[in-house]
Amino acid sequence: MRNWKLTAADPGAYTIAADARSGPTDYANDHIWELSLAGGEPPALAVKTTYGLRARNLRLFPRFVEGDTGVTDPENFSELPSVQRFYPNYLALSCMPFTGIEVRLEYWIPESQVIAGRASIKNSRLSARQLCFEWSAMLSATGGGRMVPKEIETVTVLCGQTDGLAPVLFMTGGSHFGSGPFPALAIEIELQAGGERTFTWALVSSKSHEESFAAARRIAARPWEKEIARLDILNAGLIEIETGDPDWDATFALAQKNACGLLVGPTEQLPHASFVVSRQPDHGHSPAGDGSDHSHLWSGQTALDADFLVGFMLPASPEIAAGLFTNFLSIQKQGGFIDWKPGLAGQRSGVMATPILANLAWKIYQATEDRQFLDTIYPNLLKAVQAWFDSAQDRDGDGIPEWAHLMQSGLDEHPTFSPWQEWSQGADISQSESPALCALLYNEIQILIEMARLLERTGSVPSLQSLADNLVSAIEASWDEASSMYCVWDRETHLSPSREALAEHSGSGEIYLQRAFDEPVRLVISVAGSDTTPRQINLFIHGAGSSGQNRVEHITEDQFTWRLMQSRVTSQRVYAQLESIEIRNVAPNDVIRVEVVDMACQDYSLLLPLFAGIPSPERADQIIRQALSNPERFWRAFGLPLCPLPTAKQETHPCSNTSILWSSLIGRGLLRYGYRREAAELVNRLMAAVISNLKKHKAFAHGYNVETGAGVGERNALQGLAPLSLFLETLGVRLISPFKVALEGHNPFPWPVTIQYRGLTLLREEKKTRVTFPGGQTAVVKSPGPHIVELD
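The structure reproduced in this document is the subject of the present report. (Residues numbered from 1 in each chain as written. Predicted model: local features only at pLDDT ≥ 70, side-chain atom pairs only at ≥ 80, totals over all residues. Heavy atoms only, no water.)

1. Considering the overall build of the protein chain
Note the following rule: Think of it this way: any DSSP run of H or I at least four residues long counts as a helix, any run of E at least two long counts as a strand, and we number them from the N terminus. For a compact globule the rule gives 2.2 Å times the number of residues to the power 0.38, and the radius of gyration it is set against comes from C-alpha atoms. Three labels apply to residues, based on accessible area from a 1.4 Å probe with only protein chains included: buried if under 20% of the type maximum, exposed if over 50%, partly exposed otherwise in between. Values of accessible area rely on a 1.4 Å probe in the Shrake-Rupley scheme; residue burial ignores everything except the protein chains shown. Positive charges come from Lys and Arg alone, negative charges from Asp and Glu alone, with His and the N- and C-terminal ends not counted. Charge positions are represented by NZ for Lys, CZ for Arg, CG for Asp and CD for Glu.
Per the secondary structure count, the protein chain includes 15 helices and 41 strands. Compactness check: the protein chain gives a C-alpha radius of gyration of 29 Å against a globular reference of 28 Å for 792 residues, within 12% of the reference. Overall, the protein chain is about 100 × 70 × 50 Å in size when its C-alpha atoms are taken along their principal axes. Relative to its full complement of 792 residues, the protein chain shows a buried share of 61%. In the structure as shown, the protein chain presents an accessible area of about 29,600 Å², 47% of it carried by carbon and sulfur atoms. If the 67 positive side-chain charges of the protein chain are averaged to one point and the 90 negative ones to another, these points end up 5 Å apart.

Spelled out as structure tokens, the structure:
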């Protein structure tokens, strides 16, 4: 990766951790480090960890002393740090602490509990120089301890103790305990003109100082050049992109590095490496010892996240992508059920995986062209799709499945269905049917049909096509001309009513409604408690159904789910008339609200029929012009909001955030219908948000506010990485191998783009593409194609 120079006014931070592509990582005891290049908490230029909150922090940093002058802060260096190379578990940078003293610092994490480094110091002046190099370690332990000097086997090291860990810092070259202001190992250096010295250090954090010391000395003795050469080979498949904007180039490089850095495992519970959503110094420690108590960020892999992550793995690491996919099949049940979020400690959610696994598998096939892979997995994928149409997922038996939980849909927040947000109705999503779920299933079925024909296993094609036709009919029936969008509908009435407040009441008693509706409605009833004690609520709804027959629905306390001081419940039945609602066993100050479930709420998942290719070209154009690219609705300065709200609300409301993952799916919908320039503009807006956050915080975010571009959520989260895959698809480039590339359309971006991949160089100009293969052979393409450019 090319250099990315940083200044003191532009502070940087790089996360490095053990790389699961080169060997297993410890899911339960994984030490993640972050290197601060400048600014931030002093001392600067420190690599630091908290051991997953087992320590307040441990910081390692260099100190350079010449004469009476000692420097640690890059602001006081003669030349600021410049990143030379970065991989998920390796970072190299250069700096010049004093004029004529050139320093190269390398950091490498070969194993989960190890960090090692190398310092090369060169005198580029014409006269000899005398220096002292100190490698410092500042520990703020949970028990208040610090790093102290100790001799083990006659070797001076620094030792610490924190929450069951015994870190030991070892350095080659005959180091001694430093006399500076920080605990450090120091070496006196005399450098002749042009002279250079190199030192290796290692810090291991095992259970005892003796164990840590033995491992640190072993790591420091490993052949550094060979190890780094292996890293170069491992990372040779990362795609180098050169656009007309250096910020874009650096961002795409960082996104690939961060994506690979999210890989962890494998374990006995999943046969291949999996991934976490975010991997930061505060993560990685499992008090239970097996990872079963990790937070939701580390508790398993979802199909939607895996589909997005694979976009960074291909074409360089097809075996990693196939492993992520195979993890899902490894836990598939006999009837086809695949869990939504299988984890490395055996975690299971109990609900079905989002139907996007065939899409994921097809990406792997397109990158590998391995028909044997398809032949092996096809029966599993067929069962997985068929399982969506059994009675457990299709509760009303109409051939249209329902989500069981909001998280299956990939939407963390939703104004209608979020059970954990006060501003949401918290309605039961299983009482609705969604164009998004139908579109995902339709896409899966179309891919299965294509696989079946490729494999000449067409026996299931007619039944699959019948399912697909039924899904399309349901989606088209939900079309709303006024909003130019498809709508969620009630699973019983197949209608999409808007939210309406019906009543508010305090304490136990009876709410008299005496209300008739033009069309039957479903109710959501919320109880805002005056304290956190769960209530033993009994509730009776008196009314009539669409047939006019009177009914009484009894809702018991076990149907209410309490979160802090609030609980919501959705009626199991719909009502054409409401007489009254009787409430028992709530406190006098508890507030009960009764509303119509809002099935008319718009969100960007309702644009997924574009991704699946369901609307006619005319209807797709209407959706894109009137809704998606309408600046009063979804087309905002920094991307697509979850829900289109007025601009004033977009700046603060959680629904005003955009997801790179979701935007990538919708962007593919734009490309599917030929809206390449609109897709390019979407990429541009997303990149503006991502780059702004990187410049301010040197981190990706989980999501980005569509009005301000401000990052929200976890640092360096998977869902907020730069849209590399969408960029390449919009550019019209699909890399298959160093000797084969697919091209389509023309370059819609305002500058030429150069792509380098394993010796292949591709120059994509506005209306001409030059492909140079590793052996120097070239091909020039001028027409929009599609084309397969392959070396004979």
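2. Description of the packing of helix α8 (residues 435–455) against helix α9 (residues 461–477)
So the rule is basically this: Axis definition: a line fitted to C-alpha atoms, limited for helices to the stretch in contact. Angles are taken between N-to-C directions and run from 0 to 180 degrees. Note on angle classes: values under 35 degrees are labelled roughly parallel, values over 145 roughly antiparallel, values of 65 to 115 roughly perpendicular, and the remainder oblique. Handedness of a crossing is defined here by the sense of rotation of the near helix relative to the far one, left-handed for an anticlockwise turn of less than a right angle and right-handed for a clockwise turn. The contact criterion used is simple: two residues touch if any of their non-hydrogen atoms lie within 4.5 Å. Each residue gets one label: Ala, Val, Leu, Ile, Met, Phe, Trp, Tyr, Cys and Pro are nonpolar, Asp, Glu, Lys and Arg are charged, and the others, such as Gly, are polar.
The N-to-C vectors of α8 and α9 enclose an angle of 155 degrees; their axes lie 9 Å apart at closest approach. Here α8 is positioned roughly antiparallel relative to α9, judged by the angle of their axes. In this structure, the crossing between α8 and α9 has a hand that is left-handed. Of the residues in α9, those touching α8 at Pro 435, Cys 438, Ala 439, Leu 441, Tyr 442, Ile 445, Gln 446, Leu 448, Ile 449, Ala 452 and Arg 453 are Val 461, Leu 464, Gln 465, Leu 467, Ala 468, Leu 471, Val 472 and Ile 475. Of the residues contributing to the contact of α8 with α9, the split by class is 16 nonpolar, two polar and one charged.

3. Some remarks on the side chain of Ser 725
Along the chain, Ser 725 falls in helix α15 (residues 724–731). Residue Ser 725 is classed as buried on the basis of its relative accessible area of 18%. Each residue touching Ser 725, except ones within four places of it in the same chain, is listed here: Gly 311 and Arg 668.

4. Quick notes on the nonpolar core
Keep this limit in mind: Buried residues of nine kinds, namely Ala, Val, Leu, Ile, Met, Phe, Trp, Tyr and Cys, make up a nonpolar core once their side-chain atoms join them within 4.5 Å.
By size, the foremost hydrophobic cluster in this structure holds 218 residues, and its most contacted members are Leu 60, Ile 121, Phe 325, Phe 727 and Ile 755. Counting residues per element, this core draws most heavily on α8, which supplies 14 residues. Those residues in contact with Leu 60 that lie beyond four places of it in its chain are Trp 33, Leu 45, Ala 46, Val 47, Ile 115, Trp 135, Ser 136, Ala 137, Trp 201 and Leu 203.

5. Considering the pattern of salt bridges
To be explicit about the condition: Each reported salt bridge corresponds to a side-chain nitrogen of Lys or Arg within 4 Å of a carboxyl oxygen of Asp or Glu.
This structure, assessed with the given rule, holds 34 salt bridges. The shortest N-O distance in the salt bridge between Glu 66 and Arg 129 comes to 2.6 Å. With Glu 66 in strand β5 (residues 55–66) and Arg 129 in strand β11 (residues 129–141), the pair connects residues that are 63 residues apart, well separated along the chain. As a salt-bridge pair, Arg 457 and Asp 375 come within 2.9 Å of each other at their nearest N and O atoms. Here Asp 375 lies in helix α7 (residues 371–387) and Arg 457 lies in the loop between α8 and α9, a separation of 82 residues in the sequence. Classification of Asp 375 by relative accessible area gives partly exposed; the value is 31%. A single network of salt bridges, built from pairs that share partners, joins Glu 111, Arg 218, Arg 222, Glu 227 and Arg 230.

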